[in-house]
Amino acid sequence: MVNAAATTDRRTRDRAPAAHAAGLGATKLNPFGDLHTLQHLSARLARSLRGVFEPLLRREVRTWAEPLVVQRFGDYRAERADGLTAWLPLVMAPQGATGLCVLDGVFVLELLDLFFGGTGAAPATIPAEFSPAAEAMVAKIGTTIAAPLRAAWEPLARIDFTPARVEVNAAMLSADAEDAMIVTRFGLAAGEDRPVFIDLLYPVTALKPHAPTLTGKVLDKAEADPAWRNSLTRAAMNVRFPIRSVLAEPVVPLSLLMNLKAGDVIPISFGPEVPVMVGRDCLGRGTVGTSNGHAAVRLTHLARIEHEGPDA
């Protein structure tokens, strides 16, 4: 597929978008409405997929996310073209549900040929099943996708994706034909070649607990882990800065410096307050005295930080 002649960057999808899926029948397939956040999440994941497939294809690729849809799993199976297909279950933890990564079989065979030093050409006759080497290639893709998939979901929910055994017969999967699925499709194209499409399917039931954030229009940043934040705060509080106080900076001519000898006195004078410096910045001013037998400076006031706002 990647080595075929270019035609278009989009695969025709003769189905309604996710926002209108609820009106397809009596059973409400899409309980979420407009899945703005999930579409945004898919766009982020699409950028990460370049790092997954460019090493396998040994070429620079373009990736993008298609508009997502919600449909029954049986309808999704029916709309796919006949031919060898890799159905890779992705176990979602802690939800306990199973998503799917669906890859075109010809694309898998092309990647396998590239992996073993070939030109990326699929066999003239496509087999009915995958060889153990091809199954290992699908498993490798699933394992590599799991990391960016988990990272893309992290601002929304902490979900781990673990690939299971690949199937070539969708009837062997645990998903029922009536199960509602959120179908996210990703395009992948190298140069002027015809694009390849990879589908990730999420069970609607597994994502219902995240409905409020799935339908939001803004994807919030993930809250920092409290333990990590506390460790960072402790580390920052232990950073050491040199503090110095300038008592006097007398100015004398060069002739005096040239004639100085042991015992000479350089007169100095300073006011009631001296500056206290941290690096090149003035921390404040204070008065000179002693504390516990040591010379010390009592701070009388702190300098205002220039970068503070009016409400600081």
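Our subject is the structure listed above.
Calculation criteria
- Each chain has its residues counted from 1, running along the sequence as written.
- Local features in this predicted model are restricted to residues of pLDDT 70 or higher, and side-chain atom pairs are both shown and tallied only at a pLDDT of 80 or more, whereas totals for entire chains, interfaces and linings draw on every residue.
- For side-chain calculations, the full set of non-hydrogen atoms in the structure is used, while hydrogens and water are omitted.
- Every helix listed is a DSSP run of H or I at least four residues long, and every strand listed is a run of E at least two residues long, numbered separately from the N terminus.
- We call two residues contacting when some pair of their heavy atoms lies within 4.5 Å.
- In these tables, accessible area is a Shrake-Rupley quantity obtained with a 1.4 Å probe, and a residue counts as shielded only by the protein chains included in the view.
- Centres within 6.5 Å make a pair out of two Phe, Tyr or Trp rings, where for Trp the six-membered ring is used; the pair is then stacked when the planes are under 30 degrees apart, edge-to-face when over 60, and tilted otherwise.
- Three exposure classes are used, based on accessible area relative to the maximum for each residue type with a 1.4 Å probe and protein chains only: buried under 20%, partly exposed in between, and exposed over 50%.
- A residue counts toward a patch only above 30% relative accessible area and without a salt bridge, and it is joined to like-charged neighbours within 9 Å or, for Val, Leu, Ile, Met, Phe, Trp and Tyr, to nonpolar neighbours within 5 Å.
- The salt bridge criterion pairs a side-chain nitrogen of Lys or Arg with a carboxyl oxygen of Asp or Glu, the two atoms within 4 Å.
- Polar contact is defined as a pair of N or O atoms within 3.5 Å, subject to the rule that within protein one atom must be able to donate a hydrogen and the other to accept it, and that residues adjacent in sequence are counted only when both atoms are side-chain atoms.
- Each pair of strands is called paired provided DSSP finds at least two bridges between the two strands.
- A helix is expected to span 1.5 Å multiplied by its residue count minus one.
- Bend is the name given here to the angle between axes fitted to two runs of seven residues, the run ending at a residue and the run starting at it.
- For helices, the fitted axis covers only the stretch in contact; all axes are lines through C-alpha atoms, and the angles between them, taken along N-to-C directions, range from 0 to 180 degrees.
- Angular relationships are summarised with four words: roughly parallel below 35 degrees, roughly antiparallel beyond 145, roughly perpendicular across 65 to 115, and oblique for the angles in between.
- Gly is put with the polar residues, along with every residue not named as nonpolar or charged; the nonpolar set is Ala, Val, Leu, Ile, Met, Phe, Trp, Tyr, Cys and Pro, and the charged set is Asp, Glu, Lys and Arg.

(A) Molecular detail of the overall build of the protein chain. Helix and strand content of the protein chain: 8 helices and 11 strands. Restricting to contacts in the protein chain with at least 6 residues of sequence separation, those with at least 24 account for 67%. When the accessible surface of the protein chain is split by element, carbon and sulfur atoms take 55% of a total near 18600 Å².

(B) Quick look at the packing of aromatic side chains. All chains considered together, the criterion is met by 7 aromatic pairs. Their ring planes at 85° and their centres at 6.1 Å tell us that Tyr76 and Trp87 sit as a pair that is edge-to-face. With Tyr76 in helix α2 (residues 73–79) and Trp87 in strand β3 (residues 85–93), this pair connects stretches of sequence that are 11 residues apart. For Tyr76, a relative accessible area of 0% puts it in the buried group. Its relative accessible area of 5% is what places Trp87 among the buried residues. Residues Trp153 and Tyr202 carry aromatic rings whose centres are separated by 5.4 Å and whose planes lie at 70° to one another, so their mutual orientation is edge-to-face. Of this pair, Trp153 sits in helix α4 (residues 132–153) while Tyr202 sits in strand β7 (residues 196–203); the two residues are 49 residues apart in sequence, bridging distant segments of the chain. Classification of Trp153 as buried rests on a relative accessible area of 0%. Taken together, the ring pairs in this structure connect Phe73, Tyr76 and Trp87 into an aromatic cluster.

(C) Examining a nonpolar patch on the surface more closely. A cluster of nonpolar side chains, Leu247, Leu254, Leu256, Leu257, Met258, Leu260, Ile266, Ile268, Phe270, Val288 and Val297, forms an exposed patch at the surface whose accessible area comes to about 1000 Å². If one sorts the elements of the nonpolar patch by residue count, helix α8 (residues 254–258) sits on top with 4 residues. Its place among the elements puts Leu257 in helix α8.

(D) Main features of the side chain of Arg185. Note that Arg185 resides in strand β6 (residues 180–190). A distance of 2.7 Å separates a polar atom in the side chain of Arg185 from a polar atom in the side chain of Asp199.

(E) Examining the side chain of Glu66 more closely. As for its position among the elements, Glu66 is in the loop between β1 (61–65) and β2 (69–72). Among the polar contacts listed, one links the side chain of Glu66 to the side chain of Trp64, at a separation of 3.1 Å.

(F) Broad picture of the pairing of strand β4 (residues 97–104). Taking burial as the measure, the 8 residues of β4 include 7 buried ones, the bulk of the element. For β3 and β4, the ladder comprises 8 bridges, and the chain directions are antiparallel. Within β4, the residue paired with Val91 across the bridge is Thr98. The antiparallel pairing of β3 with β4 creates a hairpin that spans 3 residues between the two strands, and Gly96 there sits at a positive phi of about 80°.

(G) Geometry of α4. Under the 1.5 Å per step criterion, the end-to-end length of α4 is 31 Å for 22 residues, consistent within 8% with the ideal 32 Å. The principal kink in α4, of about 30°, is found at Ala146, preceding the proline Pro148 by one to four residues. Every buried residue of α4 is listed here: Ala134, Met137, Val138, Ile141, Gly142, Ile145, Ala146, Pro148, Leu149, Ala152 and Trp153.

(H) Quick look at the sheet that holds strand β8 (residues 243–245). Pairing is antiparallel in the open sheet, where 4 strands are placed in the order β8-β9-β10-β11. A strand with exactly one partner marks an edge of an open sheet, and here the two such strands are β8 and β11 (294–302). When the angles between neighbouring strand axes are averaged without regard to direction, this sheet yields 40°. When strand β9 (residues 274–278) meets strand β10 (residues 281–291), the two strands line up antiparallel, connected through 5 bridges. Each residue of the ladder has a partner; that of Pro275, found in β10, is Arg285.

(I) Looking closely at the packing of helix α1 (residues 36–57) against helix α3 (residues 105–115). Packing of α1 against α3 leaves a shortest axis separation of 9 Å and a crossing angle of 55°. Comparing their axes, α3 and α1 come out oblique. Of α3, the residues touching α1 (which contributes Phe53, Leu56 and Leu57) are Phe107, Leu111 and Leu114. Taken together, the residues of the contact of α1 with α3 sort by class into 6 nonpolar, no polar and no charged.

(J) Local environment of the pattern of salt bridges. Counting across every chain of the model gives 11 salt bridges. In this structure, Asp160 and Arg150 form a salt bridge, with 3.7 Å as the shortest nitrogen-oxygen distance. Of this pair, Asp160 sits in strand β5 (residues 160–163) while Arg150 sits in helix α4, and the two are 10 residues apart along the sequence. Given the relative accessible area of 34%, Arg150 is considered partly exposed.

Function cannot be inferred from these measures alone, as they are strictly geometric.
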